[in-house]
Amino acid sequence: MTVSSGTVSNGQKASGNGQQSAAQMPNSSQQNRVLQQLQPGDLRLQQLHHHQQQQQQQQQQQHNIHHQQQVTAQQLQYMQQVISGSGG
């Protein structure tokens with residue numbers, strides 16, 4: 001009997017901690033919560049948020065492509081050096 005009451009009190013403490021952590025959530029989760037609370041008529045805001053996400057993904061892809069091009073250029077230079085060095 002006493003063990004079950006102990007688990008109940010532990011559960012209440014855990015729920016209290018959960019509320020505290022909810023107050024300290026980062027901004028991204030708050031934005032998601034706001035998006036979930038939007039009315040169905042507020043499609044423009046959802047589309048705007050989706051557009052922002054697409055822009056971020058495109059920027060990341062462009063950065064990755066640029067980095068890959070730099071690595072490829074370095075590899076080409078190295079290969080040319082190896083070929084010219086072995087030829088000499």
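Since the model is a prediction, treat every value here as computed from it, not as a measurement. (Residues numbered from 1 in each chain as written. Predicted model: local features only at pLDDT ≥ 70, side-chain atom pairs only at ≥ 80, totals over all residues. Heavy atoms only, no water.)

A tally of regular secondary structure across the protein chain gives three helices and zero strands. Listing the helices and strands of the protein chain from first to last along the sequence gives α-α-α. Split into buried and exposed, the 88 residues of the protein chain put 2% on the buried side. Looking at the protein chain as shown, the accessible area adds up to about 8,100 Å², and 52% of this sits on carbon and sulfur atoms. (Helix = DSSP H or I, 4+ residues; strand = E, 2+ residues; numbered from the N terminus. Buried < 20%, exposed > 50% of the residue type's maximum accessible area, 1.4 Å probe, protein only. Areas by Shrake-Rupley, 256 points an atom, 1.4 Å probe, with all protein chains shown as cover.)

A word on the confidence of the model for the protein chain. In this model, the protein chain carries an average pLDDT of 74, and 59% of its residues clear a pLDDT of 70 or more. Averaged pLDDT values for the elements of the protein chain fall to 46 in helix α1 (residues 2-23) and rise to 91 in helix α3 (residues 43-87). Contacts from residues 1-22, a stretch scored under 50 in pLDDT, to residues over four places away or in other chains number one contact. (pLDDT = per-residue confidence, 0-100. Contact = heavy atoms within 4.5 Å.)

Bringing a nonpolar patch on the surface into the picture now. Taken together, the side chains of Tyr 78, Met 79, Val 82 and Ile 83 make up a nonpolar region of the molecular surface, amounting to roughly 430 Å² of accessible area. For Val 82, a relative accessible area of 41% puts it in the partly exposed group. (Patch = residues over 30% accessible without salt bridge, like charges linked within 9 Å, V, L, I, M, F, W, Y side chains within 5 Å. Salt bridge = Lys/Arg side-chain N within 4 Å of Asp/Glu carboxyl O.)

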